[in-house]
Amino acid sequence: MKKYILGCLLVTSVILLAQKPVFTSARVDAVTVYFNSAEISQSAQVNLPSGTSEIVVKNVSNYLNEQTVLVGAPSTVTVLSVQFTTNYISEYDQDEKSPALKSVRDSITLVTNELNRLRNEKNSTSKTIELLDANQKISGTNTGLSIVELTKMVEYYKAKRTELSNAMLTLDDKDRKLTERLTELNARLNFNESKEEKTSKGKLILQVMNTAAGAVPLQVSYLTQGASWTPFYDLRTENIASPIQMLYKAQVVQNTGIDWKKVKLTLSSGTPNQSNQVPVLNQWFLRYKGYYSSSMTAGNYYISARKEMAATTDDYYADESTLDKKQKVSTVNSTITQNQLNVSFDIDIPYDILSNNKQHSVILNEIKIPATYRYFAVPKLDKESYLVAEVNNYSQYNLLKGDANIIFEGMYVGKTSIDPYQTSDTLNLSMGKDKRVSIKREKVMDKSATKFLSSGKEQTFTYDISIKNNKKETINLTLQDQYPLSTDESIKIELLDNGGATVDNLTGLLTWKLKLSPNETKKIRIAYKVKSPKDKDIDNL
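Participant: Whenever I open this one, the overall build of the protein chain confuses me. Can you help?
Facilitator: For the protein chain, the count of helices and strands is 4 helices and 30 strands. The buried share of the protein chain, taken over its 541 residues, is 39%. A fraction of 78% describes how many contacts in the protein chain between residues 6 or more apart in sequence connect residues 24 or more apart. Carbon and sulfur atoms provide 52% of the accessible area of the protein chain, an area that totals close to 32300 Å².

Pasting the structure below:
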């Protein structure tokens, strides 16, 4: 009796092991894209018998993280194991190509075979013509031919040569038509395949136990490294009295191995949790971001002097009260969710994003932002003037760090960058250069000289700065220059003329806040004196 039961169990085990696997293809329903990865949610339908079954879920990402796979199934189904592979081989795996593609491929095979046969016939005909032409010579050994024989030979050659030449013309015409047909079929195949949703080599192999036979819906989700997104902006300003029209966009790239067709798309600035371990909170210590010095540029000047550049009532300001409240923050097609550490954008319309590693632009939001405008210039470093937009309370716009296109007065003027993580309470957006504000800085030669004294040498430097407003409206301009500072007791520096600037003796910074009417020109003169030993040269003066 025991041997009988053992034999039955063995037979049952063999039947289960030999049972045909059940194949299903998962479609992509929703995707959450992070800066360096994505979470993909897919669904599938499968008919299962009762008992133990092996399900092969096709069309999952080639690069999924197996540790993050979650499988949802009805209560009648118990998932025993989950495996991921890109090299699944089975005699039961069927090619599920569409009938339309199969018809095109069959036609391509027929036309290709016909074209090969035709070109074989063309080759034979061409070789026959070459052989006929090679034997048309009657000189030498054939000089003994009679007139009758020669006439027959000429008539034969003429008839045969004409027949073969006409045959080649017919074959060439058929070749051309078949080649055109083959090109048309290949183009149709490429078009049809481009419309087909790309399927991947990735497969999930599920071992399940089912208590009731029938149709079973499956939900699968996992993380994959084959996708990313970056924020991008368009900043548009009609004039210095208008608010900034900001188009908030995302550049999405994916190469997961599967196309996303009509998916619910969410973009998140957070970091996905790729572990199944329970998270543990550690102590949270705040610290300052590391500071490092860099070479001084016009942008560095602006940042270093920001505290001295308090906004005045003369600055251009697009008052928030003048804006249409419904248009101040108008969502184009996304819902924004913000928590303490990240921002997510739920796109309201389904998107198609192919697995081709190409950038796909997604519109997140359209915002009308009130801003204070001020021109800024450092003629010692750059003779151009820069328009800077100052935005207060910018945290309400959920901005992320990224590049931006600048469109000022209807013209594209270049790119800038947005960094909402700066320590200032005001976000400074560089809106590009404006050549209609002319600035010139020249050394006044007759007021600049070097004198040698018994105790050393004395060098005097004098500069004139001219600013002209060529615009049709009054502008406010913050101008900066500097005089040198000394770290050596033997070098003495004296500021002779500050030109009416606000002077920072600790940094040597000279700042002017100017208001220029249309076509108005202002001139500023600065001068300083440097005393040093006459036997030593200062290399950066």
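So, next bit.
Participant: Quick question: what am I supposed to make of the nonpolar core here?
Facilitator: Buried together is how nonpolar side chains tend to be arranged in soluble globular proteins. Of all hydrophobic cores here, the largest spans 85 residues; its most connected members are Trp 260, Leu 265 and Ile 467. Leu 265 has contacts with Val 31, Val 33, Trp 260, Phe 345, Asp 346, Ile 347, Tyr 351, Ile 353 and Val 362, leaving out every residue within four places of it along the chain. Core analysis: the second largest hydrophobic core is formed by 13 residues, Val 111, Leu 132, Leu 178 and Leu 185 among them.

Participant: Can you help me understand the sheet that holds strand β6 (residues 77-85) in this one?
Facilitator: Sheet strands line up and pair through hydrogen bonds in the backbone, either parallel or antiparallel. Read across the sheet, 4 strands follow the order β1-β4-β7-β6 without closing on themselves; strand pairing throughout is mixed. Two strands lie at the open edges of the sheet, namely β1 (22-25) and β6, each paired on one side alone. In this sheet, neighbouring strand axes are inclined to one another by 25 degrees on average, regardless of whether the strands run parallel or antiparallel.

Participant: Quick question: what am I supposed to make of the pairing of strand β30 (residues 521-532) here?
Facilitator: As a general feature of sheets, a regular strand has side chains that alternate between the two faces. Pairing of strand β25 (residues 457-469) with β30, which is carried by 12 bridges, proceeds in the antiparallel orientation. Across the sheet, Tyr 463 pairs through a bridge with Ile 526, a residue of β30. Examined bridge by bridge, strand β27 (residues 492-497) and β30 share 5 bridges and lie antiparallel to one another. Counterpart to Glu 494 in the pairing with β30 is Lys 529.

Participant: What is the right way to read the pattern of salt bridges from this model?
Facilitator: It is possible for side chains of opposite charge to pair when their charged atoms get near one another. Applying the stated criterion across every chain yields a total of 24 salt bridges. Its salt-bridge partner being Glu 473, residue Lys 471 comes within 3.5 Å of it at the nearest N-O pair.

Participant: Can you walk me through the confidence of the model for the protein chain in this structure?
Facilitator: In regions of low pLDDT, the predicted coordinates are not meant to be interpreted in detail. Averaged over the protein chain, the pLDDT score is 80; the fraction of residues at 70 or greater is 78%. Taken element by element, the predicted model of the protein chain shows its lowest mean pLDDT in strand β13 (residues 329-330) (31) and its highest in strand β28 (residues 502-504) (95). Ignoring residues within four places in sequence, the model shows residues 291-332, a span with pLDDT below 50, making 81 contacts including any to other chains.

Participant: When you look at the environment of Asn 36 in this model, what are you seeing that I'm missing?
Facilitator: For Asn 36, the position within the fold is in the loop between β2 (27-33) and β3 (38-48). Along the backbone, Asn 36 and Thr 224 are 188 residues apart, and their C-alpha atoms lie at a distance of 9.1 Å. Ignoring sequence-local partners within four residues, the contact set of Asn 36 consists of Gln 225, Ala 227 and Ser 228.

Participant: Whenever I open this one, unusual backbone geometry confuses me. Can you help?
Facilitator: Most of the time, phi is negative for any residue but glycine, and the peptide bond is trans. The phi torsion at Glu 409 lies on the positive side, around 55 degrees, for a residue other than glycine. Considering the arrangement of structural elements, one finds Glu 409 in the loop between β20 (402-408) and β21 (411-418). Even without glycine at this site, Asn 519 takes up a positive phi of about 65 degrees. You can call Asn 519 exposed: its relative accessible area is 54%.

Participant: Help me understand the pairing of strand β9 (residues 227-237), please; the structure alone is not making it clear to me.
Facilitator: Most of β9 sits out of view: 8 of its 11 residues are buried. Note that β9 and strand β10 (residues 244-254) share 10 bridges and pair antiparallel. Bridging from a neighbouring strand, Pro 231 pairs with Ala 250 of β10. Linking two consecutive strands that pair antiparallel, namely β9 and β10, is a turn of 6 residues. Here β9 runs beside β20; their pairing, made up of 6 bridges, is parallel. Within β20, the residue paired with Tyr 233 across the bridge is Ala 404.

The rules behind the values
- Per chain, residues are indexed from 1 in the order of the written sequence.
- Local features in this predicted model are restricted to residues of pLDDT 70 or higher, and side-chain atom pairs are both shown and tallied only at a pLDDT of 80 or more, whereas totals for entire chains, interfaces and linings draw on every residue.
- Only heavy atoms go into the side-chain values, all of them from the structure, while hydrogens and water stay out.
- Each helix corresponds to a stretch of at least 4 residues labelled H or I by DSSP, and each strand to a stretch of at least 2 residues labelled E; elements are numbered beginning at the N terminus.
- Only protein chains enter the calculation, and the probe is 1.4 Å; a residue is then buried if its accessible area is under 20% of its type maximum, exposed if over 50%, and partly exposed in between.
- Throughout, a contact is declared for two residues whenever any of their heavy atoms are within 4.5 Å.
- In short, Shrake-Rupley with a 1.4 Å probe defines the accessible areas, and a residue's cover is counted only from the protein chains shown.
- To form a nonpolar core, buried Ala, Val, Leu, Ile, Met, Phe, Trp, Tyr and Cys residues must be joined to one another through side-chain atoms within 4.5 Å.
- Two strands form a pair only when DSSP identifies at least two bridges running between them.
- For helices, the axis comes from a line fit to the C-alpha atoms of the stretch in contact; other axes are also lines fit to C-alpha atoms, and the angle between any two N-to-C directions lies between 0 and 180 degrees.
- Take a side-chain nitrogen of Lys or Arg and a carboxyl oxygen of Asp or Glu: if they are within 4 Å of each other, that pair is a salt bridge.
- For every residue, the pLDDT score states the predictor's confidence, bounded by 0 at the bottom and 100 at the top.

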